[in-house]
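Letter by letter, the chains look like this.
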Amino acid sequence: MQLRYSFRLYPSGGQRMALARAFGCARVVYNDALRARETARSEGLPFPKTGDLSKQLITQAKNTPERTWLGEVSAVVLQQSLRDLDTAYRNFFDALKGKRPGMGAPRYKSRKDTRQAVRFTANARWSITPGQKLRLPKIGDLKMKWSRTLPSTPSTVTVVKDSAGRYFASFVVETGPCEVLPKATPEVGIDLGLGHFAVLSDGRKVDSPCFLRRAEKRLKKVQRDLSRKVKGSSNRDKARGKVARAHARVADARREFHHRLSTKLIRENQAVAVEDLAVKGLARTRLAKSVHDAGWSAFVTMLEYKAARYGRTLVKIGRFEPTSQVCSRCGVKDGPKPLHVRVWTCRACGAVLDRDINAAVNVAKAAGLAVTACGAQVRPGPLPAPRSEAGTHPTPQPSTAR
């Protein structure tokens, strides 16, 4: 499978200018190609092919006075920009056919977009120097912070500038079956929530870090400062950068938490079961901020690709499965319960159930995993004694023992 590894870049002042030039040229070619296709559509002409656009907007445009500066950047960057436009159109058409979730039509890129990116393939002859720097054509050797080693030789590298002004090098590498972990016995079901981020069917509970909630005081201050700056001023640009860096710290901390927890669960368990939550629907309720702060979708996505990478099994159950209404001990459906009810007693067997752990056990059972209710922290509840055993009797009762 293909994986993406990102590393922080620290370009010099001149290299930042060269990267800005590459970002701008790629954006211009993308917009020119989009404009050409939109014009052809409005005039009823055939859809322009990528080869014709490449010849017209790159090769021939370099010889014109208006686009002569396109020759200052690598031609591979411009070619990849056209491929990005093809991908955008393909996704849009697939969405119209119902093959994927809704995607809008390609839009024009702006130089004020907070995220800029260019991609270099093997044809660009980029390389990693003996000094562990990233050498890019017509840009130079960029200093890079290596946090880990690459499992194989990368095929492409994408240089990204995010909204906080940070630069990253993103490598695409191929991984083989050598990373499959040895088989493990445990199988676990996971119930995702807000009070606890994850509750496991073995009784463990993972507290929700609430990164956004904890950073709200700092975020309010920098956002208030931004609102007071005059639009279009340099002070407003500086304040916008502070807001972006504050949000980036929150996003980085949340992503680190998701990676650590997902890796731990995949390494310890042979099979993992989760519930397919309607995150978009929950994000339109009064709990929207807490739902976005939890980041369930990103966490489940990490579980998916890590399970495929390490030879584990991930099972998703339907979102309409009544995991919180069914007793994990006897299987009797006891009906819906308000959210404030965290512990309930089964009317059939009298077991006292923790709502979240009981749901996690039911998630595992619905996925067909070999999980029992012994980890659900159930205990026999008080049952009314039969009338024949209640109270005292004035006369001795005959023994039933034989």
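Fair warning: this is a prediction, and the values are worked out from it, not measured in the lab.

The rules we used
- Residues numbered from 1 in each chain as written.
- Predicted model: local features only at pLDDT ≥ 70, side-chain atom pairs only at ≥ 80, totals over all residues.
- Heavy atoms only, no water.
- Helix = DSSP H or I, 4+ residues; strand = E, 2+ residues; numbered from the N terminus.
- Rg over C-alpha atoms; globule rule 2.2 N^0.38 Å.
- Buried < 20%, exposed > 50% of the residue type's maximum accessible area, 1.4 Å probe, protein only.
- Contact = heavy atoms within 4.5 Å.
- Lys, Arg positive; Asp, Glu negative; His and termini not counted.
- Charge placed at Lys NZ, Arg CZ, Asp CG, Glu CD.
- Patch = residues over 30% accessible without salt bridge, like charges linked within 9 Å, V, L, I, M, F, W, Y side chains within 5 Å.
- Areas by Shrake-Rupley, 256 points an atom, 1.4 Å probe, with all protein chains shown as cover.
- Salt bridge = Lys/Arg side-chain N within 4 Å of Asp/Glu carboxyl O.
- Axes fitted to C-alpha atoms, helices over the stretch in contact; angles between N-to-C directions.
- Parallel < 35°, antiparallel > 145°, perpendicular 65-115°, else oblique.
- Left-handed = near helix turned anticlockwise from the far one by under 90°.
- Nonpolar A, V, L, I, M, F, W, Y, C, P; charged D, E, K, R; others polar.
- Pairing = 2+ DSSP bridges.
- Arc of directions from axis to C-beta.

A. Structural context of the overall build of the chain. Tallying secondary structure elements over the chain gives 10 helices and 15 strands in all. Here the C-alpha atoms of the chain give a radius of gyration of 29 Å, more than 25% beyond the 21 Å that 2.2 N^0.38 yields for 402 residues. In terms of its C-alpha atoms, the chain occupies a principal-axis envelope of roughly 115 × 55 × 55 Å. Scored against the burial criterion, the 402 residues of the chain give a buried share of 42%. In the chain, 67% of the contacts between residues at least 6 apart in sequence involve partners at least 24 apart. Within the chain, one finds 75 positive and 33 negative side-chain charges whose respective centroids are separated by 5 Å.

B. Summary view of a nonpolar patch on the surface. A surface patch of nonpolar side chains, amounting to about 320 Å² of accessible area, comprises Phe 47, Phe 93 and Leu 96. If you trace the backbone, Phe 47 turns up in the loop between helix H1 (13-42) and helix H2 (50-59).

C. Just the packing of helix H6 (residues 234-268) against helix H9 (residues 296-310), in detail. Viewed as axis vectors pointing N to C, H6 and H9 meet at an angle of 40 degrees, and their least axial separation amounts to 9 Å. What the angle tells us is that H6 and H9 run oblique. The element H6 and its partner H9 pack so that their crossing is right-handed. Residues Arg 255, His 258, His 259, Leu 261, Ser 262, Thr 263, Leu 265, Ile 266 and Arg 267 of H6 lie in contact with H9, whose contacting residues are Ala 298, Phe 299, Met 302, Leu 303, Tyr 305, Lys 306, Ala 307 and Tyr 310. Of the residues contributing to the contact of H6 with H9, the split by class is 10 nonpolar, 4 polar and 3 charged.

D. Highlighting a positive patch on the surface. On the surface, Arg 218, Lys 238, Arg 240, Lys 242, Arg 245 and Arg 249 cluster together into a patch of positive charge. Among the elements that line the positive patch, the one with the most residues is H6, at 5 residues. Here Arg 249 shows up in helix H6.

E. How the structure looks around the sheet that holds strand E12 (residues 313-317). In space, the 5 strands of this open sheet follow the order E10-E9-E8-E11-E12, with mixed pairing throughout. Looking along the sheet, the strands with just one partner apiece sit at the ends: strand E10 (205-207) and E12. Mean inter-strand twist for the sheet, computed between neighbouring axes without regard to direction, equals 20 degrees. Of the pairings in the sheet, the one linking strand E11 (residues 271-275) to E12 comprises 5 bridges and is parallel in character. What sits directly across from Glu 275, in E12, is Ile 317. Set on the sheet, H6 makes contact with strand E8 (187-192), strand E9 (196-200), E10 and E11; between it and E9 the angle comes to about 0 degrees.

F. Representation of the environment of Thr 59 within the structure. Mapped onto the secondary structure, Thr 59 falls in helix H2. Between the C-alpha atoms of Thr 59 and Ala 239, which are 180 residues apart in sequence, the distance is 41 Å.

G. Geometry of H2. Taken as a whole, H2 has its buried residues at Leu 53, Ser 54, Leu 57 and Ile 58. Each buried residue of H2 lies within a common arc of 100 degrees when the element is viewed along its axis, so the set occupies one face. Opposite the packed face of H2, turned more than 90 degrees from it, sit the exposed residues Gly 51, Asp 52 and Lys 55. Elements that come into contact with the buried residues of H2 comprise H1 and helix H3 (75-96).

That is the geometry; function is a separate question.
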